[in-house]
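Listed below, chain by chain, are the residues.
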Amino acid sequence: QVQLVESGGGLVQAGGSLRLSCAASGRTFSSYAMGWFRQAPGKEREFVAAIKWGGGSTVYADSVKGRFTISRDNAKNTVNLQMNSLKPEDTAVYYCAAGGTTWPLSRIGNEYPYWGQGTQVTVSS
């Protein structure tokens, strides 16, 4: 049974940093993409970043490019999202997703069959 467990969310002031982690268990995703998505209150879920587990190539939403960095730790079977220069508009529930397509790296939530429960990120102004 596949499980994705996010951690690292919290409350931070604008300009601050947070690091989210997603621990995957139950199978390996070496040929697939891992992604981060977010959903703010009253808004649709949106793509944040994705990484190809096997090769490490990455893609980012324009809104986070240059501020967020997605990475993987093969030994720990985790995917991380380092978020710097946070803005109030980054406030959302952040979800880890697994199993996405890799060519191209998927930005579409429906292409990821596995999801975590989400972790809240709140950025105060």
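Calculation rules
- The numbers attached to residues start from 1 for each chain and follow its sequence in the written order.
- It should be noted that, the model being predicted, local features are given only for residues of pLDDT at least 70 and side-chain atom pairs only at 80 or more, the latter also being counted only at that level, while totals for whole chains, interfaces and linings use all residues.
- The basis for every side-chain value is the complete set of non-hydrogen atoms in the structure, without hydrogens or water.
- Secondary structure is summarised from DSSP: a helix means a run of H or I of at least four residues, a strand means a run of E of at least two, and numbering begins at the N terminus for each.
- Each residue gets one of three labels from its accessible area relative to the maximum for its type: buried under 20%, exposed over 50%, partly exposed in between, using a 1.4 Å probe on protein chains only.
- Two rings belonging to Phe, Tyr or Trp (six-membered ring only in the last case) form a pair when the distance between their centres is within 6.5 Å. Interplanar angles under 30 degrees mark stacking, angles over 60 mark edge-to-face geometry, and anything in between is tilted.
- Sitting over a ring, as applied to charges here, requires NZ of Lys or CZ of Arg to be within 6 Å of the ring centre and within 35 degrees of the ring normal.
- The rule for a salt bridge is simple: a side-chain nitrogen of Lys or Arg has to be within 4 Å of a carboxyl oxygen of Asp or Glu.

K.L.:
What is the right way to look at the environment of Gln1 in this model?
P.N.:
With respect to the helices, strands and loops of the structure, Gln1 is situated in the segment before β1 (3-7). Gln1 sits in the exposed class, given a relative accessible area of 84%.

K.L.:
Sorry, what's going on with the packing of aromatic side chains here?
P.N.:
For any pair of aromatic rings, the description consists of the separation of the ring centres together with the inter-plane angle of the planes. Under the definition given, this model contains five aromatic pairs. Relative to Tyr114, the ring of Phe29 lies with its centre 5.7 Å away and its plane at 65°, an arrangement referred to as edge-to-face. Here the residue Phe29 occupies a position in the loop between β3 (18-25) and β4 (33-39), and Tyr114 occupies one in strand β10 (residues 114-115), the gap between them amounting to 85 residues. Accessibility expressed as a relative area gives 2% for Phe29, which makes it buried. Connected via pairs of aromatic rings, a cluster forms that spans Phe37, Phe47, Tyr112 and Trp115. It is Arg45 that lies over the ring of Phe37; its NZ or CZ is 5.8 Å from the centre.

K.L.:
Even after reading the chapter, I still don't get the pattern of salt bridges, so can you show me in this structure?
P.N.:
Side chains that differ in charge, positive against negative, can pair when their charged atoms come close. Tallying each qualifying case throughout the model produces four salt bridges. A salt bridge links Arg38 to Asp90, with the shortest nitrogen-to-oxygen separation between them at 2.9 Å. Placement of Arg38 in strand β4 and of Asp90 in the loop between β8 (78-83) and β9 (92-100) is noted, with a sequence separation of 52 residues between them. An identical accessibility class is assigned to Arg38 and Asp90; each is buried. Salt-bridge contacts for Asp90 lead to Arg67; the nearest nitrogen and oxygen are separated by 2.7 Å. Here Arg67 lies in the loop between β6 (58-60) and β7 (68-73) and Asp90 lies in the loop between β8 and β9, a separation of 23 residues in the sequence. In the salt-bridge network here, residues are joined through shared partners; they are Arg38, Glu46, Arg67 and Asp90.

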